[in-house]
Amino acid sequence: MAPRKPIKPSQKPEAKQEFKNITTNENKVTNKPKNEQNASFWKGLISFFKDDRTHFVSGIFVIIIVLYFTLAFVSYFFTGAADQSKMDLPFAEAIQLRVDIQNWTSVTGAYIAETMIHKWFGVSSFALLFFGFIIGLKLLRVKSMSFIAAFFHAAFWLIWLSITLAIAVNPFVKGWIFFAPGGLHGEYVSDWINSYIGLPGTIMSLAGIFLLYSVISSKATVPFLKRIFSKKQKNIPQENVIFDNETAEEFEPTVAVGTEIIPEDWVTKADEEESIVIDDKELNLEEPDEKDIIISDVPFEIETAEQPEENTAVDIEYTPTGSDENEDPFYNISKLGKYDPTLDLSHYQAPTLDLLKVYGTDNDTQIDMVEQNANKNKIITILQNFGIEIETIKATVGPTITLYEIVPKAGVRISKIRNLEYDIMLSLAATGIRIIAPIPGKGTIGIEVPNADPQVVSMHSVIASKKFQESKFELPVAFGRTITNEIFMVDLAKMPHLLVAGATGQGKSVGLNAIITSLLYKKHPSQLKLVLVDPKKVEFNIYGDIEKHFLAKLPDGEDAIITDTSKVVETLNSLCKEMDDRYDLLKKAHVRNIKEYNEKFFNRNLNPEKGHRFLPYIVVIVDEFGDLIMTAGKEVEMPIARIAQLARAVGIHMIIATQRPSVNIITGVIKANFPARVAFRVSSMMDSRTILDAPGANQLVGRGDMLFSQGNDLMRVQCAFVDTPEVENIVHHISDQQSYPTAFYLPEYVNPDGEGVDMSSVDMSKRDPLFEEAARLIVASQQGSTSLIQRKFSIGYNRAGRIVDQLEVAGIIGPFEGSKARQVLVMDDYHLEQILKQL
């Protein structure tokens with residue numbers, strides 16, 4: 001047989017350049033059939049265990065086992081004495097006597113109950129059943145306690161209660177009942193501990209461990225213990241006031257979040273004498289004269305001329321000062337602790353990752369080397385056909401687009417390559433390409449070519465990423481992945497407003513859902529409120545169930561999802577009023593933005609009794625903006641322009657979306673105040689220039705392919721896909737939890753063209769039962785606001801409006817003045833009482 005000729009390596013043509021490298025993020029292409037078979041086996045096995053049907057069947061099976069053991073344990077307390085002699089036998093022999101077993105679950109249940117209750121952990125064995133029940137619920141996808149928390153609670157009660165019962169109960173009931181309440185495990189462990197530290201040490205150790213468990217498992221433990229160990233104060237009549245600094249420092253109250261009231265224990269009363277005591281110094285008040293103390297709302301300071309002797313009267317003078325009006329000696333962080341807005345819903349749990357769908361290639365970018373080499377050769381060939389020589393070419397493979405970076409030889413004009421856009425598209429048979437000449441910050445020219453088999457970027461992969469989970473952004477928005485497969489995130493608080501445009505069916509609605517999903521995963525309901533405007537009535541309807549958690553609306557609004565054009569105008573004007581109110585609060589607090597204001601509020605530097613409040617971020621999302629402009633025109637555009645120009649500093653941000661990015665919809669006023677833009681695929685270059693001030697959006701491939709602009713640079717991103725069932729899962733997860741009593745109410749907006757109340761239509765003989773209380777509230781706060789009455793008395797808007805009408809007829813408040821609050825005509829309680837008596 002003739003010897004084989006050696007195969008010579010093929011020589012590449014000089015005209016063709018080497019395909020330098022293919023940038024991949026995670027995958028390597030391999031050709032190992034056995035490895036592929038093993039991988040497919042393990043992949044199938046993993047998918048079997050992840051299947052919902054497997055979880056459901058397993059959950060039913062676990063629940064049945066738990067119920068069976070529960071019945072066995074309960075039956076043991078009634079039948080265990082009769083069965084105990086048989087339980088001392090080995091299990092194989094006890095089976096032979098199963099007919100004589102009295103336990104309701106026969107020999108198996110009796111044997112397990114005897115082992116768990118008498119020989120092992122005693123009564124605390126029920127903790128194991130609790131843990132098994134939680135596992136069953138988790139497998140059934142029923143919302144319950146977390147796995148780690150259930151394990152922690154079950155383990156503690158299983159061991160701690162067993163030892164405690166062995167010490168406290170077992171010695172006293174031995175001989176009286178047939179089993180040890182603490183189990184033989186409890187007796188053994190307690191005897192072992194006693195041998196080292198004695199019985200007193202064991203008891204103290206158990207008490208300390210229980211205290212530690214209480215502190216870890218409940219936030220109310222520490223305030224409860226502080227109240228127990230704090231000094232008890234005496235109750236005194238209202239006429240006398242004692243400011244006791246020592247008591248004030250030791251008192252640690254539990255303060256209602258949102259409406260904070262100075263605890264009455266700080267203001268204590270004397271029982272015998274009419275006197276004011278300050279720092280243990282007594283001042284007689286029986287005969288008022290010039291030295292008497294006048295207590296008013298004006299800040300004061302205490303001046304003493306000389307250091308008096310003990311038990312002598314002290315002359316104290318109160319003089320108004322020009323100090324900060326927000327300072328209050330009885331409202332500070334040392335007495336109340338740092339303010340936490342999340343305590344209203346302290347048990348709220350953010351949506352979990354299992355609510356989102358996991359795709360097969362969640363984090364991997366599959367690379368088709370045949371396609372990449374073919375595209376590389378076609379690009380080189382078409383450039384050479386037009387006389388353009390290149391030095392290197394490099395490919396970066398993304399989920400939807402592959403970026404080919406070429407370095408032309410010296411002397412080649414960039415415009416020459418840019419003009420070949422359609423020729424390259426024809427050669428590659430691509431649906432559309434985009435040439436970036438040059439790529440900013442690099443000495444290369446980019447050619448973006450759609451992949452033949454685009455991959456889905458799931459919301460799960462974006463939310464689960466380390467970049468999103470560890471983000472410190474105030475309002476993090478995760479859009480998807482870039483060409484280099486990196487997570488693309490922005491901070492809405494810094495943008496500060498976003499304009500979204502795209503033709504129908506190109507991913508605009510999915511992009512808005514991705515924005516909302518990002519915010520819901522990161523923010524607590526107390527920190528974020530959403531105003532959703534949906535003229536189509538179907539896009540945001542799915543979020544209606546989280547109205548009392550995350551949504552904001554007008555006080556008289558029936559639905560938190562705003563669909564009526566007239567309500568849109570009222571809501572936008574109400575947001576303008578909220579913006580003005582927030583700026584007034586920032587002015588009073590001497591700060592410049594919402595972050596500084598809330599920081600001072602957290603540190604108790606701003607007193608709620610002086611009008612201050614915690615300010616959540618408000619994100620306004622307007623879908624189908626073009627339809628609103630067509631129906632309402634300037635009525636919508638002007639408040640949006642005001643909010644866009646001014647609202648950034650007070651935490652109000654806007655996202656408006658339209659499928660018609662024409663110049664009569666996106667006017668110059670809108671574009672000037674929305675520096676951040678997102679463009680999905682549009683139909684023409686003119687629309688692309690309208691939204692981005694540059695071409696490119698008309699060359700996108702659709703299905704979530706988008707360009708993001710915040711200045712001069714354009715970033716191409718594949719938007720994350722979040723399906724309707726996934727959004728429903730998130731909404732149900734949130735709505736099943738404890739919520740606020742109502743949605744977040746925006747300030748009431750009175751149409752300037754509206755009419756005042758008809759005096760003759762108000763019957764003052766049928767005054768509301770809350771009329772007098774509301775009148776005192778209005779006079780005390782000097783704010784004639786319907787929303788104030790509604791909020792303080794927890795009543796509906798219609799009833800609060802009727803009370804306001806009655807207050808106007810009574811002469812307590814003035815008529816409406818457009819968007820301004822009503823003027824309060826009564827300045828003190830004395831004049832108010834005179835008016836009430838006349839009624």
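Residues numbered from 1 in each chain as written. Predicted model: local features only at pLDDT ≥ 70, side-chain atom pairs only at ≥ 80, totals over all residues. Heavy atoms only, no water.

Helix and strand counts for the chain come out as 29 helices and 23 strands. Counting all 839 residues of the chain, 46% fall into the buried class. Long-range contacts, defined as pairs at least 24 residues apart, comprise 68% of the intrachain contacts of the chain with a sequence gap of at least 6. Within the structure as shown, the chain displays about 45,100 Å² of accessible surface, and the carbon and sulfur contribution to it stands at 55%. (Helix = DSSP H or I, 4+ residues; strand = E, 2+ residues; numbered from the N terminus. Buried < 20%, exposed > 50% of the residue type's maximum accessible area, 1.4 Å probe, protein only. Contact = heavy atoms within 4.5 Å. Areas by Shrake-Rupley, 256 points an atom, 1.4 Å probe, with all protein chains shown as cover.)

With that settled, consider the packing of aromatic side chains. Within the structure shown, the criterion is met by 32 aromatic pairs. For the pair tryptophan 157 and tryptophan 160, a centre-to-centre distance of 5.8 Å together with 90° between the ring planes defines the contact as edge-to-face. With tryptophan 157 and tryptophan 160 both in helix α6 (residues 147-168) and three residues apart, the pair spans about one turn of that helix. Using a relative accessible area of 31% as the deciding quantity, one classes tryptophan 157 as partly exposed. Each member of the aromatic cluster is reached from another via a ring pair, and the members are Phe73, Tyr76, Phe77, Phe126, Phe178 and Phe179. Sitting above the plane of the phenylalanine 468 ring, lysine 522 keeps its charged end 5.7 Å from the centroid. (Phe/Tyr/Trp six-rings, centres within 6.5 Å; stacked < 30°, edge-to-face > 60°. Lys NZ or Arg CZ within 6 Å of the ring centre and 35° of its normal.)

Turning our attention to the packing of helix α4 (residues 106-120) against helix α8 (residues 183-217). Viewed as axis vectors pointing N to C, α4 and α8 meet at an angle of 25°, and their least axial separation amounts to 3 Å. By the angle between their directions, the pair α4 and α8 is classed as roughly parallel. Only Gly183, Leu184, His185 and Gly186 of α8 make contact with α4, whose side of the interface consists of Ile117, His118, Lys119 and Trp120. The residue makeup of the contact of α4 with α8, split by class, is three nonpolar, four polar and one charged. (Axes fitted to C-alpha atoms, helices over the stretch in contact; angles between N-to-C directions. Parallel < 35°, antiparallel > 145°, perpendicular 65-115°, else oblique. Nonpolar A, V, L, I, M, F, W, Y, C, P; charged D, E, K, R; others polar.)

Here we come to unusual backbone geometry. Of the consecutive residues alanine 437 and proline 438, the connecting peptide bond is found in the cis state with omega at -10°. Position of proline 438 among the secondary structure elements: in the loop between β10 (434-436) and β11 (445-450). For the bond running from methionine 495 to proline 496, omega is -10°, close enough to zero to count as cis. With respect to the helices and strands, proline 496 occurs in the loop between β13 (487-491) and β14 (498-501). With a phi close to 55°, glutamate 624 is a non-glycine residue in the positive phi region. Along the chain, the position of glutamate 624 falls in the loop between β18 (617-622) and α21 (625-632).

Alternating residues of β14 divide into Leu498 and Val500 and Leu499 and Ala501, and every residue in both groups is buried. Where β14 and strand β19 (residues 652-658) come together, four bridges link them in parallel fashion. Its bridge partner lying in β19, alanine 501 is registered against threonine 658. Two strands pair when backbone bridges link them, and β14 and strand β20 (residues 676-679) are joined in this way by four bridges, in the parallel orientation. Bridge pairing links leucine 498 to alanine 676 in β20. (Pairing = 2+ DSSP bridges.)

With that out of the way, let us pick up helix α12 (residues 369-385). In a regular helix each residue adds 1.5 Å, so 17 residues correspond to 24 Å; α12 covers 24 Å between its end C-alpha atoms and thus fits that length. Along α12, the residues that are buried comprise Glu371, Gln372, Asn375, Lys376, Ile379, Ile380, Ile382 and Leu383. (Expected span 1.5 Å × (residues − 1).)

Before going further, it helps to spend a moment on the pattern of salt bridges. Under the defined criterion, the tally for this structure stands at 19 salt bridges. Measuring nitrogen to oxygen at the nearest pair gives 3.4 Å for the salt bridge that ties glutamate 405 to lysine 442. Linking glutamate 405 in strand β9 (residues 401-408) with lysine 442 in the loop between β10 and β11, this pair joins segments that are 37 residues apart in sequence. Here glutamate 405 falls in the buried class, since its relative accessible area comes to 6%. Residues joined by salt bridges that share partners form a network here, namely Arg434, Glu448, Asp705 and Arg716. (Salt bridge = Lys/Arg side-chain N within 4 Å of Asp/Glu carboxyl O.)

With that settled, consider the pairing of strand β15 (residues 528-533). By the criterion of burial, β15 is predominantly enclosed, with six of the six residues buried. Alignment of β15 against strand β17 (residues 561-562), held across two bridges, turns out to be parallel. Each bridged residue has a counterpart across the sheet, and for leucine 532 the counterpart in β17 is isoleucine 561.

In this section: the sheet that holds β18. Here 10 strands make up an open sheet; going across it, the order is β13-β12-β22-β21-β20-β14-β19-β18-β15-β17 and the pairing mixed. Strands with a single pairing partner mark the edges of an open sheet, and in this sheet they are β13 and β17. Along the sheet, helix α17 (residues 508-522) contacts β12 (476-482), β14, β15, β18, β19 and β22 (714-719); its crossing angle with β12, the most-contacted strand, is approximately 125°.

A few words on the nonpolar core. Membership of the largest hydrophobic core comes to 110 residues, with the highest contact counts inside it found for Phe479, Leu498 and Phe708. It is helix α19 (residues 565-589) that contributes the most residues to this core, nine residues altogether. In this structure, phenylalanine 708 is in contact with Phe479, Phe488, Val490, Met495, Leu498, Ala676, Arg677, Val678, Asp713, Leu714 and Met715, ignoring residues within four places of it in sequence. (Core = buried A, V, L, I, M, F, W, Y, C linked by side-chain atoms within 4.5 Å.)

The next thing to look at is the side chain of serine 125. Considering the arrangement of structural elements, one finds serine 125 in the loop between α4 and α5 (126-139). Given a relative accessible area of 0%, serine 125 falls into the buried group. Looking at serine 125, its side chain comes within polar contact range of the main-chain oxygen of glycine 122, at 2.9 Å. Apart from residues lying up to four places away in sequence, serine 125 is in contact with Phe73, Met116, Ile117 and Leu158. (Polar contact = N/O pair within 3.5 Å; in protein donor to acceptor, adjacent residues only side chain to side chain.)

The next subject is the packing of helix α2 (residues 52-87) against α5. Direction vectors running N to C along α2 and α5 enclose 160°, while the axes themselves pass 8 Å from each other. As the angle between them shows, α2 and α5 are arranged roughly antiparallel. Viewed along their axes, α2 and α5 form a crossing whose handedness is left-handed. Facing His55, Phe56, Ser58, Gly59, Val62, Ile63, Val66, Phe69, Thr70, Phe73, Val74 and Phe77 of α2, the residues of α5 in contact are Phe126, Leu129, Gly132, Phe133, Gly136, Leu137 and Leu139. Residue composition of the contact of α2 with α5, by class: 13 nonpolar, six polar and no charged. (Left-handed = near helix turned anticlockwise from the far one by under 90°.)

Before going further, it helps to examine the confidence of the model for the chain. The predicted model of the chain has a mean per-residue pLDDT of 79, with 79% of residues at 70 or higher. Low pLDDT, under 50, characterises residues 4-32; the predicted model gives this stretch 39 contacts beyond four residues in sequence or across chains. (pLDDT = per-residue confidence, 0-100.)

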